[in-house]
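# Summary of the model geometry
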Amino acid sequence: MIHPHKSIVILGLTTLVVTSVWVDRLSASTPGDQVKTTIDRVMETLKDPRLRGDVNKNKRREKLRQAILPRFDFADMAKRALGSQWNRYPDKQREFVSAFAQLLEESYADQIEAAKGDKVAYVNERTEPGIAEVDTKVISSDGEETPILYKLHPVGSDWKVYDVVIANISLVNNYRSQFSRILSHSSFDDLIKMIKEKGTEKNS
């Protein structure tokens, strides 16, 4: 028979071990580490000679999506992009997130490709409870630098991107302004249709 005091000690130790494992899983790989893993895959895809050129755009974009998808919290980004409008359309949220995710993937890929990066410099990493920022610079072969800031929050044991600031322009804020203007004179269904068309257009 286990003494009551021993049971409390065992329970306490078990809780400590479980908590420690969870914390270790989250802290063992820092936000910067996780962003670097994703960017390494992105840069590897962009440098692959078999995927270069317009003729290989669809294959290249699919590889980029495979790298981007696990790191980006598209549902949260969609919610932030709609701002106060998000709660007005609960029955359309899933469809909006799906359309917006495709558009955002293509927009990010466009920006990364436009930077024509030869390498990426990791400038700074800031982590606070529930939030992190990773400063990077995409450096082209002629030395031109494009600053890209990744904003992340913890989701389970991972750090997920909820906004990307490219050359001081927030993707989420930029889309929030556009969506607000559209919704001032169009329906939410019209907005979703426009987003789908834009995403398809970028992928063509």
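For the structure, check the block above.
Below or above, wherever it landed, is the structure these notes cover. (Residues numbered from 1 in each chain as written. Predicted model: local features only at pLDDT ≥ 70, side-chain atom pairs only at ≥ 80, totals over all residues. Heavy atoms only, no water.)

Within the chain, Ala-167 stands out as a residue other than glycine whose phi angle is a positive 50 degrees. Residue classification places Ala-167 among the partly exposed residues on the basis of a relative accessible area of 40%. You will see that Asn-168, though not glycine, has its phi angle at about 70 degrees, which is positive. In this fold, Asn-168 is placed in the loop between strand 4 (158-166) and strand 5 (169-170). The class for Asn-168 is exposed, based on a relative accessible area of 74%. (Buried < 20%, exposed > 50% of the residue type's maximum accessible area, 1.4 Å probe, protein only. Helix = DSSP H or I, 4+ residues; strand = E, 2+ residues; numbered from the N terminus.)

Between helix 5 (residues 93-114) and helix 6 (residues 171-183), the least distance of the axes is 12 Å, while the angle of their chain directions is 125 degrees. By the angle between their directions, the pair helix 5 and helix 6 is classed as oblique. Once helix 5 is placed against helix 6, the crossing between them reads as right-handed. Note on element contacts: helix 6 touches helix 5 through Leu-171, Tyr-175 and Phe-179, opposite Phe-96, Phe-100, Leu-103, Leu-104 and Ser-107. The class makeup of the residues in the contact of helix 5 with helix 6 is seven nonpolar, one polar and no charged. (Axes fitted to C-alpha atoms, helices over the stretch in contact; angles between N-to-C directions. Parallel < 35°, antiparallel > 145°, perpendicular 65-115°, else oblique. Left-handed = near helix turned anticlockwise from the far one by under 90°. Contact = heavy atoms within 4.5 Å. Nonpolar A, V, L, I, M, F, W, Y, C, P; charged D, E, K, R; others polar.)

This paragraph deals with the pairing of strand 1 (residues 117-128). With ten bridges connecting them, strand 1 and strand 2 (residues 131-140) associate as antiparallel partners. Each bridged residue has a counterpart across the sheet, and for Gly-117 the counterpart in strand 2 is Ser-140. Hairpin connection from strand 1 to strand 2: two residues lie between these consecutive antiparallel strands, with Gly-130 at a positive phi of about 85 degrees. (Pairing = 2+ DSSP bridges.)

Let us now look at the sheet that holds strand 3 (residues 145-155). Pairing within the open sheet is antiparallel, and its five strands lie in the order 1-2-3-4-5. If you trace the sheet from one side to the other, it starts and ends with strand 1 and strand 5, each paired once.

Okay, the pairing of strand 3 next. Across eight bridges, strand 2 lies against strand 3 in antiparallel orientation. Bridged to Asp-135 within strand 3 is Leu-149. Adjacent in sequence and paired antiparallel, strand 2 and strand 3 are bridged by four residues, among which Gly-143 carries a positive phi angle near 90 degrees. As defined by bridge partners, strand 3 adjoins strand 4 across eight bridges and the pair is classed as antiparallel. In the strand pairing of strand 4, Leu-149 is matched with Val-165. As consecutive antiparallel partners, strand 3 and strand 4 are separated by two residues, and within that stretch Gly-156 has a phi angle of approximately 65 degrees, a positive value.

Here we come to the packing of aromatic side chains. Using the criterion set out here, one finds ten aromatic pairs in the structure. Between the aromatic rings of Tyr-108 and Tyr-150, the centroid separation amounts to 6.3 Å while the plane-to-plane angle is 70 degrees, which identifies the pairing as edge-to-face. Of the two residues, Tyr-108 is situated in helix 5 and Tyr-150 in strand 3; the sequence distance between them amounts to 42 residues. A single burial state applies to Tyr-108 and to Tyr-150, both of which are buried. Taken together, the aromatic side chains of Tyr-89, Phe-96, Phe-100, Tyr-175, Phe-179 and Phe-188 make up a single cluster linked through ring pairs. (Phe/Tyr/Trp six-rings, centres within 6.5 Å; stacked < 30°, edge-to-face > 60°.)

Contact geometry of helix 3 (residues 57-68) with helix 5 gives a least axis separation of 10 Å together with a crossing angle of 110 degrees. Regarding the angle of helix 3 to helix 5, the classification is roughly perpendicular. Together, Arg-60, Arg-61, Leu-64, Arg-65 and Ile-68 of helix 3 and Glu-105, Glu-106, Tyr-108, Ala-109, Asp-110 and Glu-113 of helix 5 make up the contact between the two elements. Considered class by class, the residues forming the contact of helix 3 with helix 5 number four nonpolar, no polar and seven charged.

For helix 4 (residues 74-82), the full list of buried residues reads Phe-74, Asp-76, Met-77, Ala-78, Ala-81 and Leu-82. Gly-83 occupies a position one or two residues after helix 4 and carries a positive phi of about 60 degrees.

So yeah, pure geometry; function would need other evidence.
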